[in-house]
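Overview (structure and organization)
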Amino acid sequence: MEILNLLLPDFSLILLGVLVYRITNWGDEFWAGMEKLVYFLLFPALLFYSTARLKVDLGVTGGLVQTGVLALLAGIVLTWLGKPLLRATPMTYESGMQCAYRFNSYIALALATRMAGEEGAGLMAILLGFGVPLCNIAAVHALAPKNSNLLRELAKNPLLVATAGGLTFSALGLHLPEAASVVLSRLGAASIALGLLMVGAGLRLSGLKESKLVVGWFILIKLFAVPLVAYLIGRHLQLPPLQLRIVVLFCSLPTASSAYILAARMGGNGPFTAFLISFGTLLSALTIPFWLALVH
């Protein structure tokens, strides 16, 4: 019941996003504009606010970071191992690879905040700070035949810029003025609600025209293999209970909605990527409770 109460509000917002998109006639331009607002302004404000107020001590959180990074690397490696074995056109497979390790940051911070308040959000922000650049490098590299400008792609990523800026601000020992804290806090609060609505509005289940085996492989990696690796490594490193719960939650998240944007912009198979994101998000409503119950 505790896990259900944790997940229900945020997945209810995703469902509400589905309903609002279906019953309104606001047009795709409205939703595209809303997505840009969240992605380029509101959510970066939340990431900067969360990380700028952290006192990062790798002596305390080093095991958390190590666990999260190794689990993500395991997912990346598994996608490449499956490429020669599974039948799919190269661009379709490379478009879908990112769906096996990228994570939805909106759901991440929403659930972490509900799980453990500011402490949970802070720990999740640290994982996002290391996970965003790693997963973006891997995703852009996979699609690089169409666009080899890896550094430019990373430099333009607002989530990466905001997280790096916040960590640098914290490392320098600076403190946010009260007025700036209030503004950033309110922008961040808006980003979570709107971000979850956008996840629901973006769900698409009509793009599956490729091998179902490929879909199964990517879903298996994202929702089962990556969190399992995190759980095993976290137990081996004897992480504190909250850190173990946060890192397993982080690794069990569905794929980022922005994976579709990257695939479409770089000449990949957009509809196939959209299907993977949508199917994985729906299935995660069943798998996340399993992982949280395992580490409870």
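Now for a description of the structure that goes with this document. (Residues numbered from 1 in each chain as written. Predicted model: local features only at pLDDT ≥ 70, side-chain atom pairs only at ≥ 80, totals over all residues. Heavy atoms only, no water.)

According to the stated counting rule, one finds two cavities of 30 Å³ or more in the structure shown. For the largest cavity, the lining is made up of 17 residues, of which Arg102, Phe103, Leu159, Ala256 and Ser258 are closest to its centre. If you list the elements that add at least two residues to the lining of the largest cavity, you get helix H2 (27–52) and helix H5 (105–142). Element by element, the count of residues in the lining of the largest cavity is highest for H5, at six residues. In this structure, the second largest cavity spans a volume of roughly 50 Å³. Forming the boundary of the second largest cavity are Cys99, Phe218, Ile219, Lys222, Leu223, Pro254, Thr255, Leu276 and Gly280. (1 Å grid on protein atoms, 1.4 Å probe; cavity = no way out; pocket = protein on both sides within 12 Å on 5 of 7 lines; lining within 4 Å. Points joined across faces, edges and corners; volume = space filled by probe spheres on them. Helix = DSSP H or I, 4+ residues; strand = E, 2+ residues; numbered from the N terminus.)

It is worth spelling out the environment of Lys222 at this point. Mapped onto the fold, Lys222 is located in helix H9 (residues 212–236). On a C-alpha basis, the gap between Lys222 and Thr92 in space is 17 Å, while along the polypeptide they are 130 residues apart. Ignoring sequence-local partners within four residues, the contact set of Lys222 consists of Cys99, Ala100, Tyr101, Arg102, Pro227, Cys251, Ser252, Leu253, Pro254 and Thr255. (Contact = heavy atoms within 4.5 Å.)

A few words now on helix H12 (residues 270–294). The end-to-end C-alpha distance of H12 is 34 Å, a good match for the 36 Å that 25 residues give at a rise of 1.5 Å each. For H12, the N-terminal capping position is held by Asn269, with its side-chain oxygen 3.1 Å away from the main-chain nitrogen of Phe272. (Expected span 1.5 Å × (residues − 1). Polar contact = N/O pair within 3.5 Å; in protein donor to acceptor, adjacent residues only side chain to side chain.)

What follows is about the layout of surface pockets. The calculated volume of the largest pocket comes to roughly 840 Å³. Lining the largest pocket are 36 residues, and of these Glu35, Ser257, Ser258, Tyr260 and Ile261 lie nearest its centre. Mapped by element, the contributors of at least two residues to the lining of the largest pocket are H2, H5, helix H6 (150–155), helix H8 (178–201), helix H11 (258–265) and H12. It is H2 that provides the largest number of residues to the lining of the largest pocket, a total of eight residues. Around the second largest pocket sit 18 residues that line it, and Leu46, Ser50, Thr113, Glu118 and Ala121 are the ones nearest its centre. Elements with a contribution of two residues or more to the lining of the second largest pocket: H2, H5 and H8.

Counting 81 residues, the largest nonpolar core has Met124, Phe250 and Leu253 as its most contacted members. Residue contributions to this core peak at 19 residues, all from H5. If sequence neighbours within four positions are ignored, Met124 has contacts with Ala108, Leu109, Ala112, Ile246, Leu249 and Phe250. Listed in part, the six residues of the second largest apolar core include Tyr49, Ala52, Leu176 and Leu184. (Core = buried A, V, L, I, M, F, W, Y, C linked by side-chain atoms within 4.5 Å. Buried < 20%, exposed > 50% of the residue type's maximum accessible area, 1.4 Å probe, protein only.)

Axis separation between H5 and H8 bottoms out at 9 Å; the angle between their running directions is 130°. Relative to H8, the element H5 is oriented oblique. Considering how the two elements wind past one another, H5 and H8 form a crossing that is left-handed. The residues of H8 that touch H5, namely those facing Tyr106, Ile107, Leu109 and Ala110, are Ile192, Gly195, Leu196 and Val199. Here the contact of H5 with H8 is composed, by residue class, of seven nonpolar, one polar and no charged. (Axes fitted to C-alpha atoms, helices over the stretch in contact; angles between N-to-C directions. Parallel < 35°, antiparallel > 145°, perpendicular 65-115°, else oblique. Left-handed = near helix turned anticlockwise from the far one by under 90°. Nonpolar A, V, L, I, M, F, W, Y, C, P; charged D, E, K, R; others polar.)

What follows concerns the side chain of Arg102. Its place among the elements puts Arg102 in the loop between helix H4 (90–97) and H5. Only 2.8 Å separates the side chain of Arg102 from the side chain of Gln98, close enough to count as a polar contact.

Geometrically, a packed helix pair is captured by the angle between its two axes and the distance between the axes. For the pair H4 and H12, interaxial distance at closest approach is 9 Å and the crossing angle is 35°. For the pair H4 and H12, the sense of crossing is right-handed. Seen from H4, the contacting residues are Thr92, Ser95 and Gly96; seen from H12, they are Phe272, Thr273 and Leu276.

In this section: the pattern of salt bridges. Within this structure, the stated rule accounts for two salt bridges. For the salt bridge of Arg53 with Glu118, the shortest nitrogen-to-oxygen distance reads 3.2 Å. Of this pair, Arg53 sits in the loop between H2 and helix H3 (58–82) while Glu118 sits in helix H5, and the two are 65 residues apart along the sequence. For Lys83, the salt bridge goes to Glu94, with nearest N and O atoms at 2.6 Å. Of this pair, Lys83 sits in the loop between H3 and H4 while Glu94 sits in helix H4, and the two are 11 residues apart along the sequence. Take Glu94: its relative accessible area is 9%, and that puts it in the buried class. (Salt bridge = Lys/Arg side-chain N within 4 Å of Asp/Glu carboxyl O.)

In short, the description is geometric, and any link to function would need to be established separately.
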